[in-house]
Structure formats: C-alpha cells, structure tokens
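Commentary on secondary and tertiary structure
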Amino acid sequence: MSPAVPDKETVDIIREMGGGTLKICYQCGTCTGTCPWNLVRTFLPRRMMHRAQLGLIDFGDKDIWTCATCGACAVRCPRGVEMIDVIRAMRKVIAEMGVAKVPDSLRVSVKNISYVGNPQGEPEKERGSWAQDLGVKPFAPGTELLYYTCCIPAFDAKVRRIARATVGILNKVGIDYGVLGAKERCCGESVRKSGNETIFQELAKGNIQAFAESGVKRVVVNSPHCYHTFKKEYPELGAEFEVIHLSQLLDQLIREGKLKFSKEIKKKVIYHDPCYLGRHNEIYDEPRRVLQAIPGVQLMEFQSSRKSSVCCGGGGGRVWMETPKEERFCDLRLKEAIDAGADVLAVACPYCMLMFDDSLLSIGKESTIEIKDISELVLEAL
Amino acid sequence: MAKKLGVYICGGCGISDALDVDKLCGVATKEFKVENCKSHPFLCGEEGAKLIAQDIQEGTNTAVIAACSPRAKMDVFNYGPSVYVERVSLREQVAWVHPPKDEDTQMLAEDYLRMGLARAQKAEPPEPFSETIDKTILVVGGGIAGMTSALEAAKAGYNVCLVEKEPSLGGWIAKLRKQYPKHPPYRELEDTGIDACIKELEGNSKIKVFTGAEIEKIEGAPGMYNVSLRQKGAATSLKIGSIVQATGFKPYDPGKLEYLGYGKYKDVITNVQMEEMAQKGKITRPSDGQEVSSVAFIQCAGQRDPAHLAYCSAFCCMTSLKQALYVTGQNPDAQVYIFYKDMRTPGQYEDFYKRVQEEPGVFLAKGDVKGISEEGGKVTVEVYDVLLGENIAVNVDLVVLAAGIVSNSMPEVAPKVEAVTPDGEKKVTEIVSDSGRYATPALHLQYRQGPEIPTLKYGFPDSHFICFPYETRRTGIYAAGCVRQPEDIAASMDDAAGAALKAIQCVEQTARGQAVHPRTWDKSYPSLFMQRCTQCKRCTEECPFGMYNEDDKFNPLPNPTRCRRCGICMGSCPERIISFKDYSVDIISSMLKVIQVPEPDEEKPRVVAFLCENDAYPALDMAGINRITYNPFIRVIPVRCLGSVNIVWIADSLSKGIDGILMIGCKHGDDYQCHFVKGSELASTRMGKVQETLQRLVLESERIRVEEISISEFKKIPQIFDEFMEKIKSVGPNPYKEM
Ligand SMILES: Cc1cc2nc3c(=O)[nH]c(=O)nc-3n(C[C@H](O)[C@H](O)[C@H](O)COP(=O)(O)OP(=O)(O)OC[C@H]3O[C@@H](n4cnc5c(N)ncnc54)[C@H](O)[C@@H]3O)c2cc1C
Ligand code: SF4
Ligand code: SF4
Ligand code: SF4
Ligand code: SF4
C-alpha cells in the first residue's frame, strides 16, 4: 500500500467547520479510554482525531456517525479538545458538502424535521394533540411559562407519558403556563450534532421567532437536548428567553413549599444522569434532590454517575440511527440497575426513556424494573 | 594533653527501666578505672547538663555520654572544640529495641560502654587544617551557564575570574535567533537576552573576564589553587579558591546520521544549521537557495538510540517547535511536519507545544522514519505513524534533523595509554570514563589521578546524582550547564546558580578548616605516619577525590583541602598509617578488643556490624525510634564510609573469636548512592578478597557479609541482622574462640 499523504486542505475545512481544537490533540488516548462504545465494540476517537489532524479522514467511514456526543471524552481530555465539535464538523462536511453518504435512517429523520418539524414525520398540526384531554391552555401573551414539548413526548406513543405527567404536575401546582402546539418545531439540537447546520439554523430561527411573537419569556423543558440548545446555542442566534429544565423547576417548587407530596413511593430508585443534563450542563443535584424529596424513595447511584455517567446511546442523532442489538451500551446500564436491585430506573430525558424502554424490551426484563421519568414519579406522589 | 575522663550515664527515656545502671557504672569504674562516673535520670535536662558542664570546668576534657544516639541532642552535649565527646547509644540501640532487664540486653549495653570508653581513651578532638586561602572563584566557560555562575558569585560578594576560550562570550546562545518562551503565557518566542547579560557581566567590577584564553595548568587544592592561564599568547597566573566548570557541549557529529540522509542530500540539515540560517535571516534550501515552503523535522535524530546517543538531549523537542515557528513566521502558508518518538516538553513548556500545534501549517506525528529519498528536487520522508498504524509520506523542501548533544567533557575518541609489560610487550589500553585522564582537556589539573574530572558512561562529570548533583569528584570543582547534563537555557541558569553557591560554600568551609561536603562540620583530616609508608600507592589510587599527589619516590603528598574525610584511604592502607584524630585503625581496633566474647558453650554468638554513618546508621536509629526489635548479639560500630573499613579490623575480630562480620553501606554500581562515590564499591571488592582468604584459612566465607540499604529502608535492618544471625548459627562458633 502506498503511504498516505497528509492533506492540509482537509484539515483547513474541518477547522473552518468548527473543529479547530483538533489541532491541539496530543494523542494521549484518554478519549478512547473513556468512550462508552468500547464497552461494546471498538471505536477509537483518538485515532479519528489524528486522522483528522493529518487530513486523512475517509468521509465514507461509518464511524463518523458513531459518536453519541455524550461528552465523556471531552470532559477528560487534558488538552481541551472539543471532540464533539470536531466530529460535528466532519459530519457537516458530509451533510452539507455532500462528500459522502449520510446514513439512511438519519437522513429520513432529518428530512422529516426539515419538512414537518418532527423526526417522526407526523403532521405538524398534531403537535399539540397529546394534551387534548388535559385542559392545557395555549400560550398567550402574558402567560408566565411556556412548556415546550420535545418531539419525542409530543409524538411517541410511549414517551408521551412524560408530557402528560409534566402538565399533570403543573396543573396541580397551579402555575400559569401554556403550550405552543403547532407553532413550535423541533429544537434542532441533534440535527446540528448530526452535521445539518443549515436545517438547524432554520429550526432555531423559526422557534425564536415563534417564541418572540407569542411573548415567551421563560420556557420549561423535559429534554436536556432542548435545554442545551436553548441555553447555549439559541442566544447566539438572537434568542432572549430564559430556559429551565423541569428538574430545576421541581426542585425550586419543592424548596419554596409550593409542591407538597401526599403519598409515599416505597421503592428503590436509581437515577441515570443524562449526558446533556449532567456533563454538558452540570445539572446533577436538582434531579437527585427532587427524587429524595419524594416520601419513601430510596435513592441509589450507579457505579459511574454524575460526571462519569455512561451515555444511553441516544445523543448526536444516534436516537434516529440503528444500533445493532449487541452494541447497545444502555443494555449494560440497565443490567447494572437490575443487578443493584433497583425497582425503578429514573430518567430525566426523553431520549434516555426511549433508549431504555427499548433495552428493557430487548433484554426481556420488564417484570423486574420500571423506567420512569422523574415527572412521573413526582406526579404519583402528589 | 593528658586525658581526664568523665562517664555520664543517663537513666531517662526508658534506659533505667531496661538496664541496671549501677552495674553499668561498674564497667567504667572497675574495668576501666575511671574515677568519675555519674548517672542521672534525665541527663539532657538542665540539671544533668550542669552536672557535666561543672566537671568540664574542673578539667574533664573527655566526656563519655551513655544516653541517646550520637545523632540526637547534639546541641546539648556540645562542649566546644577542645572537649572530646563520645556518645554511647543506650537508648536507640539498647533500651528501645531489646527486652528490659534481660541478661543479653545488659551485656549489650556493657559492651557498648566498653567500646565507647576504648574509643574515648584514644580519640582526640580534631584541630582544623588552617592555611591562608584565596576566595576568588574561577569560572571556566563563558556560555550562559558560566556567565550566570560568574554573576551570581559576584552578586554574593566574591571576586570572579571568567575564562572563555573563544574571542567572545555567550557560547551557543549567542548563535540563537530567538529562544523558546521562558515566561507566561509561554506562547511567544523571546530574545535570548545575551547582550544585556554580557553587558552586566562586563560592568561588574568583581568579575574579570578573560576571553580568547585557556587554562594551561591548575596546581594546588581548594582555597589555594594556582591557575596558569594563556590569553592571546600571554601567560597570566591567578590565585583561586574554587572552580565552576561550565564548558558546555558540542552537537552530535551529524556525519553519523547518513541513515537519515545527512551528507547524502543537500536539503537535509541539522537543527544547528537551521538555527544559523534563521539567525542570518532567510530559511532557504541549501541546494538551490529557494525559500522553503515545506519542512519536515525529524526528532531524536540519533538520540535515545544506543547506536548513537543513548540519552535524551532535553531541548531538541522544544527547539524544533521553536524552529517550526521560524518557518511559519517566514511563510504563513508553509507546511511543517514534526515526526517524533515522544514530544518532551516538561512543565510549562507544554503550553508552548500547544501553541505551536495550533499553528494551521504545523502537523505532528509520532512515528519511526522508514525512509528518506530525493526526487524531483524535493525530499520525501516516509514515516510509520505508530498511532495510525500506517505509513505516511511527505514531500518537502527541507528536512531538519533534531540532533542531540555531547558534553564537552566527552573526548572525540577515548584516550589510550601505552605500557610495557614486565615481559617487554607493548600494550595499549583504552582509558575508561571513570578516570581523571578521560575527559577532553579543559582544566589541566596537576593531580596524581589525572588532569580532568572523572566522568560517567557518556562523558558527563561523575556526581552523586540525587543528593549532590553539582559536586564533581574533585572537591572545589563544580560542574554546571550542558557539560554536566543536557539542559536548556533556563535549566543551565539554575544549575549555574547552584554551582556558584557550591563554589562559595567551598571557599568558606575551607577557610574554617572544615570539610566542604558532605561532612560539612568535620574538622578532622587524614595525617600519615610516613616513616612506615611502603609507597604501595593504595591511598593515592583509591581516594575517589584525588586528594593525594605523589613525589618521584611515590610517597603520598596530602592536599587536605581536597579531602572529603571519608576515610577510604585509611581503609585502603595496609600499613595502617593513615589516621584522623578521632577516627583511626587503632581506635576501632581497640573498640573491637574490648568486646566480651562468651565461651562457645554459652551459645551467645557475637557479631560485629560496621554501619555507614550516612544511611545505614541513621536507619538503625529509625528502627530504634520505631521500637523494632532485633538480635542482641550484634555490636554495631558506625563508620564514615564502608570504604574506610580496614581489613585489619576483620582480622582483629576473627582472631578474637567474633563469629561474624556484617557491613551495611549504600548502594554501589551505575546508580550508586554511596556518599563517597566509590566507598561501598571498594568495600565489596575488598571483602570479596577477604572471603577468599578466609576460605584458604578454612574459615567459612559466610562469616562476612556486605549489605546495601538506603536510609528509608530502616525496616530492613532488623531483618538483615536476624538473617545473618541465622546464618552464623548454622555455620557454628568461630573456631578461634577456643585458642
Ligand atoms: C540549535 C539549538 C537551539 C537551541 N535553542 C534553545 C532555545 O530556544 N531555548 C533554550 O533554552 N535552549 C536552547 N538551546 C540550548 C542552549 O543552547 C543550551 O542550553 C545552552 O547554550 C547551554 O549553555 P552552556 O553555558 O552550558 O554551554 P555552551 O553554550 O556550550 O557554553 C560553553 C562555553 O564554554 C566555552 N569553553 C568550552 N571549553 C572551554 C575551555 N576548555 N576553556 C574555556 N572555555 C571553554 C565554550 O567556548 C562556550 O563559550 C539550543 C541549542 C541548540 C543547539
Ligand atoms: S483525550 Fe484529547 S488530547 Fe487525548 S487523544 Fe483524545 S482528543 Fe487527543
Ligand atoms: S462524545 Fe461520547 S460517544 Fe462520542 S467519542 Fe466522545 S465519549 Fe465517545
Ligand atoms: S528532547 Fe525530544 S528530540 Fe530531543 S532527544 Fe529528547 S525526546 Fe528526542
Ligand atoms: S580517601 Fe577520603 S579521607 Fe582519604 S584523602 Fe581521599 S577524601 Fe580524604
């Protein structure tokens, strides 16, 4: 085989696409040692960084789509390399410049989002249907809080329970809130992570405009992905609203005495830190405090938790991509929870719920453990 | 002066609980007929101290204090230079480590007291060697290390003579365009500051600079060196106290790097040539004078390769990073590749490494060079990228070999000596590095052991790697900068300040008549009873520090200020004529003689253990402090260095019926820990020979054992003791007991 020739142009493109920190990688291998993929298969982010440094990236390599953007590597990288940005940049080169093929399932989901604002390809006008029987009022100017519903709970029949539990709590507490229904579209976080910058920008600008037109000042979300992009990416595009994750809101309400429990849940509950709530936004304590406030709950921890939490595998667009059965690391997480003797695996992210629900089915342990969002648990105990 | 002895036994710290103090007094008064023996329950307290002070006022000039270790309460039991104090360690070596009120414990204490008394009867307080001395410091070599040493010494108030063989000062740093950053945030190149440094140096009235000068001869010893200098043909002589050698480095011979294309392709150059080019202005291709747009650096061009330079040259990684910026600075579109084995950018230099990585045109890869070839006016470098697991290739205008350095002490070729064997044959032998005749001439010392400082395997000066890095094997001569080890400007400057301090310490200690190092307090020095000298040359050859010169009849000529007071010469002398006032063959022999050896049927064997005062003896104290118990049949004698153990002591012990002899010193070999460099090595060679002799005398060689430990391994001492006693038990009693 003739030797590969480093190519500066490719490096320059990746840099321009936002992957500039790849230059400072010094090949220590910490990322490869950290990446959860290596629990189930070989995946070498270090080598990918080095290939990219030399401009020797094969854009046809399927592994460019493997990263779940969980951030486990980036928080440990001694050099401060933003791998997620580097991988996003490479995906951008593929998606936007068409130098290689985007995986089919991802392409379809993104296309759906671009056409109808949700990955499932459901009609836009149905976005608010989940709330029909719950007496939720549409957001009107002057309403205090917008409950922005992530596409997954809005359209997925199983995950819908998160949205229903959320409004159940909000109704009971008596907060002045509303929903935008068909006026809102996908937040675009995973769209961006999968390299589709243009579509992301459109989505974001659309949402910003819709929020502004309705006079939205404060938004509560279930999904850490929505939280992340609203908090960290939308402001650059002109957003001025404040965003709060449901766990933060619940924590605040409990502390202010506005949310009081009347029932006991006598269960062992193990909490899974979602990557985008934990590592990406360092919200570790609020969800734990909420769970601990529920009478009877015995809170348990995974061996790897908080900053070291192991990804469910759903980030970075992976939620829309097929993962072979034997390569799902959320299976391992679930097994750990079962082995630890937990009755409930508590999540705080719709992606996590989707992934863990799937795992539960595939490993066939439905009778041993339940997957619940913290909103569900809170509502049960009210 | 007539000895007037006082014996003082302390009962504190558990001593009187463990021992019968009155019986102990009896040893002094009855066996040794000492009139004055006192005991006190708390000797180091105010009352106890007064007790001794009172006697001293009344004429007692030798005090045997049987209390704690000689390493404890040194300030309390100090009565000035004219009173000899002998300390008997009843606390750390008896009361704290052996069962109380036990027969063997009492016997041990009594033996120690006897040994202390025997020593005190013979030892005298040392009188310092005094001479008028000169405190001027000579610095040889005017690179950054030499200049810094000179400035530091001058700022501390000392006169300095700086000798540089080139017409101008600066050494290598005068040839650099820029230096890599030394200050936060470690991102931008800096000027070397050489001009300001030279100006400061020349403006300092305490410093005399001799450029274009070389040393012809250095005679004498610390505090009184006579240095002969030749500057532009004219001879000068200087009186010097101590010396800093900062003669720097030379680049590794690039002629040996043909495997990397050097000499084969014009556009393959070294980092030194790159620096020269950069300093002159433009970086161009030697082949056609064109400005370069792509450069490949090859790191470790020979370094860390046993076939070339086995060691790391310390600054070539940083230098290539710096030179990469010269290239991108000249042409922002240029591409620079750095192929490395490991990038070594210690400490904050990491920040600079990162900064260079950020440069869009700079690419780094860890790999092994597979081939270098030339085609179409470009040089192709093929590298196996170990992190990719594949070969990569670059086509560049210029290849820079980041070659390493060699100490200027390292001779081009090892010098040889010719000798005629007794049967008239001519024999040529190569001189080994561990010799004063090996290094490239620089100092021209008039020492019997050779004109230069002894070096190590790769030509760097020998020094105690961990504890005393600047001390060479010649007292009063301190190495700094790249002559000592590969290091960059910042490290050379640190070195230079350290060596200057050492040089100052030398002249000050010498003026006080004290050893410079490591026995800094010691005023004793060896004196020779020349009437009995047989000119065997053992002392002149074995002193690791070249203290003795020799006259034409091979008589040793001592130079006491060169001496480190290790006693190795004393250990070497077969005639036993080398003595210190407070440490001699005779003194230790008399200690051995007073040990009481029980009859064999009592089954109480006796072993003498010689422990090095630097590590093993303090370790024994630590074992005591930690109350680690061990065998009570061992009698410990501290020695200055295992090398000071004279074979006569072995003979004395064995003929007296001692069953075994143990010696514990510091590690020897390449990574030696011996404070006197050669002492423990010499001891083990000598003991090897003794063991052979024993076998000839039909005595078991197992009766003698040499062990090595470091101070932190105190837990091993009791183990060594116990194991050795097991061995002695199995060998059986010394047959000489019955004779
Ligand atoms: C290409 C290159 C680039 C470098 N870049 C950097 C850099 O950017 N930053 C950095 O920190 N370091 C750099 N270094 C390292 C730096 O040059 C050395 O650390 C420094 O020069 C060591 O100084 P020195 O005084 O020990 O030795 P030297 O500079 O070698 O000085 C020794 C002096 O002693 C003189 N001498 C030798 N023998 C005798 C004798 N017998 N009698 C009298 N005088 C004698 C010599 O003429 C010389 O002037 C670089 C080195 C090289 C080769
Ligand atoms: S952890 Fe960071 S520096 Fe280390 S190999 Fe990965 S990206 Fe590079
Ligand atoms: S972000 Fe997570 S999945 Fe992606 S490379 Fe890093 S550790 Fe692996
Ligand atoms: S500094 Fe770097 S290039 Fe120089 S020898 Fe050491 S590792 Fe090799
Ligand atoms: S062997 Fe030791 S004591 Fe003897 S002269 Fe040399 S340095 Fe001094």
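Summary of the structure given here. Treat the numbers as computed from the prediction; the structure is a model and nothing was measured.

What follows deals with the overall build of chain A. Scanning chain A for helices and strands turns up 16 helices and 8 strands. The C-alpha radius of gyration of chain A comes to 21 Å, within 12% of the 21 Å expected for a compact globule of 382 residues. Taking the principal axes of the C-alpha coordinates as reference, chain A spans close to 70 × 50 × 35 Å. Here chain A, with 382 residues, has 60% of them falling under the buried criterion.

Close to ligand 5 lie 13 residues; B:Cys543, B:Cys563, B:Cys566, B:Gly567 and B:Cys569 are nearest. Residue composition of the shell around ligand 5, grouped by class: 10 nonpolar, 1 polar and 2 charged.

What follows deals with the interface of chain B and chain A. Accessible area lost during the coming together of the parts is what is often quoted as the interface size. Each side of the interface is counted separately: chain B has 23 residues, and chain A has 21 residues. For the pair chain B and chain A, the two sides together bury roughly 2000 Å², of which 58% comes from carbon and sulfur. In this assembly, chain B and chain A are joined by 2 salt bridges. When the shortest N-O distance is used, the salt bridge between B:Glu390 and A:Arg51 registers 2.3 Å. At the surface where chain B touches chain A, the tally comes to 12 residue pairs in polar contact (both at pLDDT 80 or more). Those elements giving two or more residues to the side of chain B that touches chain A turn out to be β15 (335–340), α10 (349–358), β16 (362–375), β17 (378–385) and β18 (390–396) of chain B. Classifying every residue of the side of chain B that touches chain A gives 12 nonpolar, 4 polar and 7 charged.

Among the nonpolar cores identified, the biggest contains 162 residues, and A:Met90, A:Phe230 and B:Val381 are the most heavily contacted of them. Ranked by the residues each element gives to this core, the list is headed by helix α5 (residues 83–97) of chain A, at 7 residues. Once residues within four sequence positions are removed from consideration, B:Val381 is found in contact with B:Ala296, B:Ile298, B:Phe339, B:Val369, B:Gly371, B:Ile372, B:Ile392, B:Ala393, B:Val394, B:Val396 and B:Val399.

The subject of this paragraph is the site of ligand 2. Residues and elements named next belong to chain A. The immediate surroundings of ligand 2 are formed by 14 residues, with Cys-25, Cys-28, Gly-29, Cys-31 and Cys-77 found nearest. Going through the elements one at a time, α2 (30–34) and α3 (45–53) are the ones with two or more residues in the shell around ligand 2. Among the residues forming the shell around ligand 2, the class breakdown is 9 nonpolar, 3 polar and 2 charged.

Moving on, we get to the sheet that holds strand β30 (residues 660–665) of chain B. Within a sheet, neighbouring strands are paired by backbone hydrogen bonds and run either parallel or antiparallel to one another. Residues and elements named next belong to chain B. Pairing within the open sheet is parallel, and its 4 strands lie in the order β29-β28-β30-β31. Every other strand in the sheet has two partners, leaving β29 (634–639) and β31 (704–708) as the edge strands with one partner each. Ignoring strand direction, the axes of neighbouring strands in this sheet form an average angle of 20 degrees. Pairing of strand β28 (residues 607–612) with β29 involves 6 bridges; the strand directions are parallel. Among the inter-strand pairings, Val-607 is bridged to a residue of β29, identified as Ile-634.

The rules behind these values
- Residues numbered from 1 in each chain as written.
- Chains lettered and ligands numbered in written order.
- Predicted model: local features only at pLDDT ≥ 70, side-chain atom pairs only at ≥ 80, totals over all residues.
- Heavy atoms only, no water.
- Helix = DSSP H or I, 4+ residues; strand = E, 2+ residues; numbered from the N terminus.
- Rg over C-alpha atoms; globule rule 2.2 N^0.38 Å.
- Buried < 20%, exposed > 50% of the residue type's maximum accessible area, 1.4 Å probe, protein only.
- Near = heavy atom within 4 Å.
- Nonpolar A, V, L, I, M, F, W, Y, C, P; charged D, E, K, R; others polar.
- Contact = heavy atoms within 4.5 Å.
- Buried area = accessible area lost by both parts, 1.4 Å probe.
- Salt bridge = Lys/Arg side-chain N within 4 Å of Asp/Glu carboxyl O.
- Polar contact = N/O pair within 3.5 Å; in protein donor to acceptor, adjacent residues only side chain to side chain.
- Core = buried A, V, L, I, M, F, W, Y, C linked by side-chain atoms within 4.5 Å.
- Pairing = 2+ DSSP bridges.
- Axes fitted to C-alpha atoms, helices over the stretch in contact; angles between N-to-C directions.

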